[in-house]
Amino acid sequence: MAPERLSALDTAFLCLEGDATPMHMGAVATFRPRREWDADHVAGLLAERAARMPRLRRRVRTGLLPFSGAHWEDDPAFDPGRHVAVSSLYDRYAPDPLATFAEHWIAEPLDLDRPLWSVQLVTGLPDGDFALLVKFHHALADGMGAVELALALLDDITLPWQRRPVDEEPEEKPRSPLGAVTESATALLGQAAESASIAGSIVTSARPYPLSPTATVNSPSRRIGLVRLPAGDLRAVRRAHGGTTHDVVLAVLAGALREWMINRGQRADARSLRALVPVSLRGRNGGDAGNSLSGYLCDLPVEVDDPVERLRLVREAMARNKEAGPTRGAGALPVLAGRLPAGLHRLAAKAAGQAAPLLFDTVVTTVPVPSIPLSLAGARLREVYPFVPLAPHQSVGIAVATYRDGVHVGLQANGHAVSDVGSLADAVSKSMTLLQLES
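Report on the accompanying structure.

1. Regarding the overall build of the chain
Part 1: When helices and strands are counted, the chain shows 13 helices and 15 strands.
Part 2: Counting every position in the chain, which comprises 439 residues, the buried fraction comes to 52%.
Part 3: Long-range contacts, defined as pairs at least 24 residues apart, comprise 78% of the intrachain contacts of the chain with a sequence gap of at least 6.

Structure representation (structure tokens):
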């Protein structure tokens, strides 16, 4: 059997990896046991479930030549127990002990010589709760793929949107040779035109120096903020002012970033901050196991004081993005990256990554957690906070997950640029309150 090669986009994420720019996604989930439980038993259960997942047994191997690509292979020394650890909160006097623990955990890069994932079980939470901390490298999966892998570690569930197992190949319908050639030629021509359009949009959308006031030097240290917003409050704002719940989240984050900048002594009225909003293409691309992504660029109107006006501007910007579609505009740079030769990313990915602040100031991603009861070893899932990798030279990345009656915001900040992520977390809650008061 021929080895499975990494796609060009998967390779790009792998090549962006560095000590100060680890490219793993993460999540912190808290659970409430219904009875007495044993941490070592739960860790063994996680290792057992991971061992049944072929994708979690594979590691990456790259060619020796500069332009060669990379491929997946089974790790001959795979031991799931090496990827599952048990720890206890060590700084219980910190303002948020779990966030403090997660800061050190998420800053540690994954070992690229082993399968690209890690699980940490954390005990010592109040009321007997425990936490599950999960890391998956972005080369292994995109956000939706990471959710599928993480859900397979939990107790058995039935997902209405899970069309097939993660590692099962879709059945192909037979085609005539002439039809296959015609379809391929048409697709290639269409992709060439589309790629040229995306490349042109990237050039015209790049902003001149000076860079955003939130741009910073890369740092290996991290700060973590965990914010929970009532889902009902966001729905009430949406009903009052229109748009989607995601629009409301973006407007809330714009207000939070505005206050955070002002508190840091920076001008918030100089220009908007621009967010890269990832968009999944899995439905269009057949549900590939790796990354299947595009994105939108959305200006966050931090220069606007009125929270309702901020929401209106965000709503209009996202409506324009959706009308154009996810494969047009500078935000579709992941699509373009996926069409470049994989070997080229080994030479140019790091240089291209350093230019990220020219296009966007932060990443705001939404993680699709199914709104059904979830559990681990019978313990009920209470909260889940996702984290997106920090792009080079950026101060903060933001990931959002809605689960049951809560909207959970995971803030990952550059430790050099953000010494107190708590002020940004507080600003998120305050921004939500101000918008709610106007509804």
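2. Focus: the pairing of strand β6 (residues 117-123)
Part 1: Most of β6 is tucked away: 7 of the 7 residues are buried.
Part 2: Judged by which residues are buried, β6 turns out to be covered on both faces: W117, V119, L121 and T123 on one side and S118, Q120 and V122 on the other are all buried.
Part 3: In this structure, strand β5 (residues 84-88) lies alongside β6, joined through 5 bridges in parallel fashion. The partner of V84 across the bridge, within β6, is V119.
Part 4: The parallel pair β5 and β6 is bridged by helix α3 (residues 97-107), and the resulting crossover is right-handed.
Part 5: Hairpin connection from β6 to strand β7 (residues 130-137): 6 residues lie between these consecutive antiparallel strands, with G124 at a positive phi of about 95°.

3. Observations regarding the sheet that holds strand β8 (residues 222-230)
Part 1: Pairing is mixed across the open sheet formed by 6 strands, whose spatial order is β8-β15-β14-β11-β9-β10. Edge positions in the sheet fall to β8 and β10 (293-300), since each of these pairs with one other strand and no more. Each strand of the sheet is rotated relative to its neighbour by a mean of 20°, with strand direction disregarded.
Part 2: Relative to strand β15 (residues 406-414), β8 runs antiparallel, the two being bridged by 9 bridges. Along β15, the bridge assignment pairs L226 with G410.
Part 3: Sheet strands touched by α3: β8 and β15. Its angle to β8, the strand with the most contacts, is close to 130°.

4. Things to note about the pattern of salt bridges
Part 1: Scanning the model with the defined rule gives 16 salt bridges in all.
Part 2: A salt bridge links E4 to R58; the shortest N-O distance between them is 2.6 Å. You can see E4 sitting in strand β1 (residues 4-5) and its partner R58 sitting in strand β3 (residues 58-62), a full 54 residues away along the chain.
Part 3: A relative accessible area of 14% places R58 in the buried class.
Part 4: Of the charged contacts, one joins R312 and E316 as a salt bridge, the two residues approaching to 2.7 Å between their closest N and O atoms. Residue R312 and its partner E316 are both found in helix α9 (residues 307-324); the two are separated by 4 residues, about one turn of the helix.
Part 5: On the basis of relative accessible area, E316 is assigned to the partly exposed category, the value being 33%.
Part 6: Here the salt bridges share partners, and the residues they tie into one network are R32, D127, D129 and R382.

5. Quick look at helix α1 (residues 8-15)
Part 1: Judged by how many residues are buried, α1 sits mostly within the fold: 8 of 8 residues are covered.
Part 2: Turning to α1, its buried residues number three or more, namely A8, L9, D10, T11, A12, F13, L14 and C15.

Criteria and cut-off values
- Residues numbered from 1 in each chain as written.
- Predicted model: local features only at pLDDT ≥ 70, side-chain atom pairs only at ≥ 80, totals over all residues.
- Heavy atoms only, no water.
- Helix = DSSP H or I, 4+ residues; strand = E, 2+ residues; numbered from the N terminus.
- Buried < 20%, exposed > 50% of the residue type's maximum accessible area, 1.4 Å probe, protein only.
- Contact = heavy atoms within 4.5 Å.
- Pairing = 2+ DSSP bridges.
- Right-handed = clockwise from strand over helix to strand, strands pointing away.
- Axes fitted to C-alpha atoms, helices over the stretch in contact; angles between N-to-C directions.
- Salt bridge = Lys/Arg side-chain N within 4 Å of Asp/Glu carboxyl O.

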